Amino acid sequence: MIWELELVIYIFLALSAIVALEVKDLLVAVVMMTIFSFLMALLFVAMGAIDVGFTEAVIGAGVTGILFVVVVYQTSRKSKD
Amino acid sequence: MRRQFHSPIVLLGARLLSPYIMVFGWYVIIHGHYSPGGGFQGGALLAASVLLIRVAGGRRIARLQIQEFATTPLAVIGVVIYFATGLVAMAMGGYFLDYGALPIPGMDPDWLRYTGILIIEVGIGLAVMAILVMIYDNMVKGEDYA
């Protein structure tokens, strides 16, 4: 693969990981983790592991995002007691 | 808890996108034995198309697609397809999941292995789809989104 494009993907990967760790809103963190997962799938495909990249795109960017959104909606920021 | 509101645009987008994801999931399952993909990935794609309707439409619309009580029998059917194929091959004198020993008449062993892997993939896809939908249904139990 073109190494400049791969470098751009690596930079965005690190950025999305840092934002997902540091942001206050949990919904933004979930979206950033989905973006991280999708960029990771692109890198897997670029490294030649098509099957791993396909699984990462389907599971990490599809199903896990939906399940995390459900968990975020079922919790509250402040405790009741 | 955030405020929920009904949005017809989100529902229309989900309804437009869901059938294409489901067709692609079946494509991945059917072509799984000689190209990237397979039962697990195709089943996860089918589950993603079902969960998209469930997230966007809520329980009243999701009831029209796959009902909540139907997920457990679907998962059981998938697991039974897997183990029945393996055990039939074992009963016919081969090893467990030895596709060459399957009793389908009129097929030479390499075509028999081709077909056996296809049957296994369909079972795995059904089980993965039903179990991922079941996890979502048990997580949102008692509450209704959208």
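Residue numbers run consecutively from 1 along every chain, following the written order of its sequence. Just so you know, chain letters begin at A and ligand numbers begin at 1, following the order they were written in. Reporting of local features is limited, given that this is a predicted model, to residues whose pLDDT is at least 70; pairs of side-chain atoms are given and counted only at 80 or more, and all residues count toward the totals for whole chains, interfaces and linings. Excluded from the side-chain calculations are hydrogens and water; all other atoms, namely the structure's heavy atoms, are used.

Enquirer: Got a minute to help me understand the packing of helix α1 (residues 3-22) of chain A against helix α2 (residues 26-46) of chain A in this structure?
Expert: The geometry of a pair of packed helices is captured by two quantities: the angle between their axes and the separation between those axes. All names here are of chain A. Fitted lines through C-alpha atoms serve as axes, helices being fitted only where they are in contact, and the angles separating the N-to-C directions of these axes extend from 0 to 180 degrees. In DSSP terms, a helix is any run of H or I states spanning at least four residues, a strand is any run of E spanning at least two, and both are numbered starting from the N terminus. Orientation of α1 relative to α2, taken along the N-to-C sense of each, is 155 degrees, at an axis distance of 9 Å. On the basis of the axis angle, α1 is roughly antiparallel to α2. α1 and α2 meet at a crossing whose hand is left-handed. Where α1 abuts α2, its residues Glu-6, Ile-9, Tyr-10, Phe-12, Leu-13, Ser-16, Ala-17, Val-19 and Ala-20 lie against Ala-29, Met-32, Met-33, Ile-35, Phe-36, Leu-39, Met-40, Leu-42 and Leu-43. For this classification, Asp, Glu, Lys and Arg are treated as charged, while Ala, Val, Leu, Ile, Met, Phe, Trp, Tyr, Cys and Pro are nonpolar and the rest, including Gly, are polar. The residue makeup of the contact of α1 with α2, split by class, is 16 nonpolar, 1 polar and 1 charged. Angle categories: roughly parallel below 35 degrees, roughly antiparallel above 145, roughly perpendicular from 65 to 115, and oblique for all the rest. Take the far helix as your reference; a near helix turned counterclockwise from it by less than a right angle gives a left-handed crossing, and one turned clockwise gives a right-handed crossing. Contacts: residue pairs with any heavy atoms within 4.5 Å of one another.

Enquirer: So what exactly am I meant to see when it comes to the interface of chain A and chain B here?
Expert: Quoted interface sizes are often the accessible area lost when the parts come together. Contact residues are listed per partner, giving 16 residues for chain A and 20 residues for chain B. Here the buried area means the combined drop in accessible surface, using a 1.4 Å probe, for two parts upon being joined, counting both sides. Summing the contributions of chain A and of chain B, the shared interface buries around 1700 Å²; its carbon and sulfur component is 74%. Ranking the residues of chain A by area buried against chain B places Phe-54, Ile-66 and Tyr-73 of chain A at the top, with a combined share of 33%. The salt bridge definition used is simple: a Lys or Arg side-chain nitrogen within 4 Å of an Asp or Glu carboxyl oxygen. Across the contact surface, chain A and chain B share 0 salt bridges.

Enquirer: Honestly, the environment of Gly-37 of chain B in this entry has me stumped. Any pointers?
Expert: Here Gly-37 of chain B is to be found in the loop between α1 (8-30) and α2 (39-57). Each residue gets one of three labels from its accessible area relative to the maximum for its type: buried under 20%, exposed over 50%, partly exposed in between, using a 1.4 Å probe on protein chains only. What makes Gly-37 of chain B buried here is its relative accessible area of 11%. In sequence terms Gly-37 of chain B and Ala-56 of chain B are 19 residues apart; their C-alpha atoms lie 27 Å from each other. With sequence-adjacent residues up to four places away left out, Gly-37 of chain B is seen in contact with Asp-51 and Phe-54 of chain A together with Val-28 and Gly-32 of chain B.

Enquirer: When you look at the packing of aromatic side chains in this model, what are you seeing that I'm missing?
Expert: All names here are of chain B. In this analysis, rings of Phe, Tyr and Trp, with Trp reduced to its six-membered ring, are considered paired at centre separations within 6.5 Å, and the interplanar angle assigns stacked below 30 degrees, edge-to-face beyond 60, and tilted for intermediate values. What the rule picks out here adds up to 6 aromatic pairs over all chains. Centroid distance Phe-24 to Tyr-27: 6.1 Å. Interplanar angle 15 degrees. Geometry classified as stacked. Linking Phe-24 with Tyr-27, this pair stays in helix α1, spanning 3 residues, or about one helical turn. Here Phe-24 falls in the partly exposed class, since its relative accessible area comes to 38%.

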